[in-house]
Amino acid sequence: MSLAMPPVPHKDDLDSTWSFLETGIESVMLNLDSGIDMKTYMGLYTAVHNFCTSQKAVASGQGLQGQRGAHLLGEELYKLLGEYLTSHLSKVYKQSQSHTEEGLLGFYIREWYRYTTAAKYVNHLFRYLNRHWVKREIDEGKKNVYDVYTLHLVKWKGDFFEKVHDKVMDAVLNLIEKQRNGETIEQSQIKSIVDSFVSLGLDENDSSKSTLDVYRHYFQQPFIRSTKTYYENESRQFVAENSVVEYMKKAEARLEEEKLRVGLYLHPDDTKGLTETCLSVLVTAHSTLLRDEFQILLDNERQEDLARMYRLLSRIREGLDPLRTTFENHVRRAGLAAVEKVAPEGETLEPKLYVDALLQVHTRYQSLVDEAFNGEAEFVRSLDNACREFVNRNRICKTSSSKSPELLAKYTDSLLKKGSKSAEESELEEMLVQIMTVFKYIEDKDVFQKFYSKNLAKRLVHVSSVSDDAETSMISKLKEACGFEYTNKLQRMFQDMQISKDLNNNYKVWQDKVLEDDDRKKMADAHFQILGTGFWPLNAPTTPFLAPPEIVKTAERFQTFYFDKHSGRKLTWLWQLCKGEIKANYIKNTKVPYTFQVSTYQMGILLLFNEADTLSYDEIEKATTLSTEILDPNLSILLKAKVLIANPEGAKPEPSTSFTLNYNFKSKKVKVNLNIQIKSEQKVEADDTHKTIEEDRKLLLQSAIVRIMKSRKKMKHVQLVQEVIQQVKSRFPPKIPDIKKNIEALMEKDYIERMDGDEISYIA
């Protein structure tokens, strides 16, 4: 029901004007739901307008004094409105005293809503006052003058809020604690309180702006304090009664709850302080306990729990640092243990077993880093450090630091070489990727390069590569990892093979032109490979060798063709790499003659038996001129295969032994491979490779020293050593004594000289 309003007062009468306005404001303040009719509303608006525009002077006199009157009358109205609000809020406070806890929150919210809604209407009624008197006062720098809506808020804060905020906050915090304890609460109540506290944040210098000062001081600070106390008590008790893993689950759940709480009813400004407080109490305070559990979780491969620990500790400052060190040591120990398992006593280690052992450890912990530690860069670094350690310094490497690259190169060779267990193309590519994983950790990359290049040379020469695509793929991977220079010679070897292919085609055409049919029939069917000395890691034969006439003729004819095309070049025959097939037409009781796959040395021995069934050791030695280191093992292979029979029976190859052709030779296969590498040859080859590695390192160090000195002209000895280490470490980790030795060697050759004060100078 609308309130009966008195008639609109005379514009110059302050008392009757205020009495009229007060009745209207009271109606708005208390009976807003009933509404005010438009006529009354306009009457109130007009009364304010009329009073403010009255020209009645407060004091006698004219001119400026007269104009000043309008402002003073505005001030009277403003002052009376303030007094009314104080009186109104005094009654509200008295009513609030009969409410507690949730009842008080309900009362506070209802009154706040009613008061602020009324304030909007009253503000509109006093719009003229705002626009003129209030604006002028503010412009002139008057303090404590606000627009009418803001005045309502200022009064609420000073006359009501200041008296009840403690009780209101106690009720809010009790509600939040109930919710934390699992009870259902009226969340909207807290949201309304939050909104009201935020609305009270007024910028005293500019009433059009708001701040969060009130909210932060009266809501946020007590809320954060109570949160800290709550979680200190809860976590202390929970840790005492539960396992660390259970505690981590609890802490993670609590952190998630608090994050959601901000979205549900708190102000976004709480996020930082609330998160920091919870992390400090739930994680930082218990971080030692958590870290102590880390090793146990690693030992038991508890990936899910490790991930939870990572998530928690990654959120606090330096929380993960001790874990990374523990993880690195753990992986290193696992790698060393894996190598111990496969390391045989005194026997030769199978390269595949060794590389698989390294890879299994890496794969397991790479997966852990990716899944549990989110692929975090510092954990990746710890994994890399650990792998570098156990790949280069383990039980197998004790005898030689270059054992890992040598075995890796041999394993790569076994993958890329044709064999009964050749992998599928997609499988092979995956294996090559894994090879590169181990290669990444190898420190002596030059050792790998030497062995790899030796093995590649053999695969190419013997046409035993599993596929050109696989070879190309591996070389491109090495090039990507180490650069063009690392693979330059490998690529040139491929080019030589292509050139040789074309050369053989041209040779066939040439033979067709110059040879008679009879001559061609007598010739051995041969394929020649021309290999550039600078690119192939091959040595001249270690033994003299008188090749059989059939082979000599063929070789001489090819030389004639080759020197016609390339005069001035030199050809060195690498008999130790040559091989062929010979038919055994002499064997009784066989329908299809056996074919022997032999080395050229074996061919030289066997073709002697075309002239005699039995030959003495001395006759064979004289006819072939082979050294005993080569002759004896090859004769042993022929004896073991029963192609030849020793006299006396069971005798070893030595000057007193003679050898007879076995006419009753039998084999399950028609093609019999006798071309087996001799173990002593393998050892000599490996030793030679290591020698060339040492030589290459010396050259690499000396060229690095000269290059540095040429660009710098003068340098301190210590700086030069450090610079050399930086330049060559991607190929191998140089030893400081070796660098010093090579600096001395270059001084003797007059490339550099020692100056005063430990300084070295370049000699131009």
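Reading the values: the criteria
- Residues numbered from 1 in each chain as written.
- Predicted model: local features only at pLDDT ≥ 70, side-chain atom pairs only at ≥ 80, totals over all residues.
- Heavy atoms only, no water.
- Helix = DSSP H or I, 4+ residues; strand = E, 2+ residues; numbered from the N terminus.
- Buried < 20%, exposed > 50% of the residue type's maximum accessible area, 1.4 Å probe, protein only.
- Contact = heavy atoms within 4.5 Å.
- Areas by Shrake-Rupley, 256 points an atom, 1.4 Å probe, with all protein chains shown as cover.
- Lys, Arg positive; Asp, Glu negative; His and termini not counted.
- Charge placed at Lys NZ, Arg CZ, Asp CG, Glu CD.
- Pairing = 2+ DSSP bridges.
- Axes fitted to C-alpha atoms, helices over the stretch in contact; angles between N-to-C directions.
- Salt bridge = Lys/Arg side-chain N within 4 Å of Asp/Glu carboxyl O.
- Parallel < 35°, antiparallel > 145°, perpendicular 65-115°, else oblique.
- Left-handed = near helix turned anticlockwise from the far one by under 90°.
- Nonpolar A, V, L, I, M, F, W, Y, C, P; charged D, E, K, R; others polar.
- Polar contact = N/O pair within 3.5 Å; in protein donor to acceptor, adjacent residues only side chain to side chain.
- Core = buried A, V, L, I, M, F, W, Y, C linked by side-chain atoms within 4.5 Å.
- Expected span 1.5 Å × (residues − 1).
- Bend = angle between axes of the 7 residues up to and from the residue.
- 1 Å grid on protein atoms, 1.4 Å probe; cavity = no way out; pocket = protein on both sides within 12 Å on 5 of 7 lines; lining within 4 Å.
- Points joined across faces, edges and corners; volume = space filled by probe spheres on them.
- pLDDT = per-residue confidence, 0-100.

(A) How the structure looks around the overall build of the protein chain. In terms of regular secondary structure, the protein chain is built from 28 helices and 9 strands. Projected onto the principal axes, the alpha-carbon positions of the protein chain cover approximately 150 × 65 × 65 Å. The buried share among the 764 residues of the protein chain stands at 44%. Put simply, of all contacts in the protein chain between residues at least 6 apart along the chain, 71% involve residues at least 24 apart. Approximately 41300 Å² of the protein chain is accessible, and the part contributed by carbon and sulfur atoms is 50%. Charge centroids of the protein chain, computed over 107 positive and 112 negative side chains, lie 3 Å from each other.

(B) Spotlight on the sheet that holds strand 1 (residues 579-584). Across the sheet, which stays open at both edges, the 3 strands sit in the order 1-2-6 with mixed pairing between neighbours. In this open sheet, the two edge strands, each paired with only one partner strand, are strand 1 and strand 6 (671-673). Here the average twist between neighbouring strands, direction ignored, is 25 degrees. With 3 bridges connecting them, strand 2 (residues 594-599) and strand 6 associate as parallel partners. Residue pairing in the sheet places T595 in a bridge with K671 of strand 6. Contacting strand 1 and strand 2, helix 23 (residues 600-607) runs over the sheet at an angle of about 125 degrees to strand 2.

(C) Representation of the pattern of salt bridges. On inspection of all chains with the given rule, the structure shows 38 salt bridges. Salt-bridge contacts for R381 lead to E378; the nearest nitrogen and oxygen are separated by 3.5 Å. Taken together, the positions of R381 and E378, both in helix 15 (residues 377-392) and 3 residues apart, correspond to about one turn of that helix. Classification of E378 by relative accessible area gives partly exposed; the value is 30%. For R459, the salt bridge goes to D413, with nearest N and O atoms at 2.6 Å. One end of the pair, R459, is in helix 18 (residues 445-461); the other, D413, is in helix 16 (residues 403-416), and 46 residues separate them in sequence. Each member of the pair, R459 as well as D413, carries the same accessibility label: buried. Among the ionic contacts, a cluster of salt bridges with common partners joins E252, R302, E304, D305, R308 and R311.

(D) Representation of the side chain of H362. Within the secondary structure layout, H362 lies in helix 14 (residues 351-372). Those residues in contact with H362 that lie beyond four places of it in its chain are L383, C387, T437 and Y441.

(E) Layout of the sheet that holds strand 3 (residues 614-616). Read across the sheet, 3 strands follow the order 3-5-4 without closing on themselves; strand pairing throughout is antiparallel. With partners counted over all chains shown, the strands left at the sheet margins are strand 3 and strand 4 (644-647), one partner each. The average angle at which neighbouring strand axes cross in this sheet is 25 degrees, direction not considered. As paired elements, strand 4 and strand 5 (residues 658-661) share 4 bridges and run antiparallel to each other.

(F) Examining the pairing of strand 2 more closely. Here strand 2 lies mainly inside the structure; 5 of its 6 residues are buried. As paired strands, strand 1 and strand 2 are joined by 6 bridges and run antiparallel to one another. Bridge assignment links I582 to a residue of strand 2, and that residue is F596.

(G) Geometry of the packing of helix 9 (residues 244-265) against helix 11 (residues 287-299). Taken N-terminus to C-terminus, the directions of helix 9 and helix 11 make an angle of 120 degrees; their axes are 10 Å apart at the nearest point. In terms of orientation, helix 9 lies oblique with respect to helix 11. In this structure, the crossing between helix 9 and helix 11 has a hand that is left-handed. The segment helix 9 lies against helix 11, with V244, V245, Y247 and M248 engaging L289, L290, E293 and L297. Partitioned by chemical class, the residues of the contact of helix 9 with helix 11 number 7 nonpolar, no polar and 1 charged.

(H) Up close: the side chain of E471. Tracing the chain through its elements places E471 in helix 19 (residues 468-482). Of the polar contacts made by the side chain of E471, one reaches the side chain of R459; its length is 2.6 Å. With near-sequence residues (within four places) excluded, E471 lies in contact with L416, Y452, L456, R459, S465 and F494.

(I) View of the nonpolar core. Core analysis: the largest hydrophobic core is formed by 155 residues, its most contacted members being Y108, F126, F197, F219, F327, F373 and Y452. If you tally residues by element for this core, the top one is helix 6 (residues 148-180), at 14 residues. Ignoring sequence-local partners within four residues, the contact set of F327 consists of F294, L298, Y365, L368, V369, F373, F379, S382 and L383. By size, the runner-up hydrophobic cluster in this structure holds 33 residues, among which are A547, W575, V598 and L606.

(J) Summary view of the pairing of strand 5. Burial along strand 5 is two-sided: S658 and T660 facing one way and F659 and L661 facing the other are all buried. As judged from the 3 bridges shared by strand 3 and strand 5, these two strands associate in the antiparallel manner. Considered in strand 5, the bridge of S616 is made with S658.

(K) Here's a closer look at helix 6. Helix length check: helix 6, at 33 residues, gives a terminal C-alpha distance of 41 Å against a target of 48 Å (1.5 Å per residue), a shortfall beyond 12%. F161 marks the point of greatest bend in helix 6, at about 60 degrees. Where helix 6 starts, the residue carrying a side-chain oxygen 3.1 Å from the main-chain nitrogen of Y149 turns out to be D147. Phi turns positive one or two residues past the end of helix 6, at G182, with a value near 100 degrees.

(L) Spotlight on the layout of surface pockets. Looking at the second largest pocket, its volume works out to about 600 Å³. If you trace the second largest pocket, you find 25 residues lining it, with Q449, K450, K489, D696 and R731 closest to the centre. Those elements giving two or more residues to the lining of the second largest pocket turn out to be helix 18, helix 20 (484-514) and helix 26 (679-712). Ranked by residues supplied to the lining of the second largest pocket, first place goes to helix 26 with 6 residues. A per-class count over the lining of the second largest pocket returns 10 nonpolar, 7 polar and 8 charged.

(M) Seen up close, the confidence of the model for the protein chain. Of all residues in the protein chain, 92% attain a pLDDT of 70 or more, and the chain-wide mean is 86. In this model residues 57-71 is a low-confidence stretch, pLDDT under 50, and it forms 11 contacts with partners more than four residues away in sequence or in other chains.

(N) A look at the environment of R180. Along the chain, R180 turns up in helix 6. Take R180: its relative accessible area is 5%, and that puts it in the buried class. Separated by 296 residues in the primary sequence, R180 and S476 place their C-alpha atoms 60 Å from one another. Sequence-distant contacts of R180, defined by excluding residues within four places in its chain, comprise F223, T227, Y230, Y231, R254, E258 and R261. Among the polar contacts listed, one links the side chain of R180 to the side chain of T227, at a separation of 2.9 Å.

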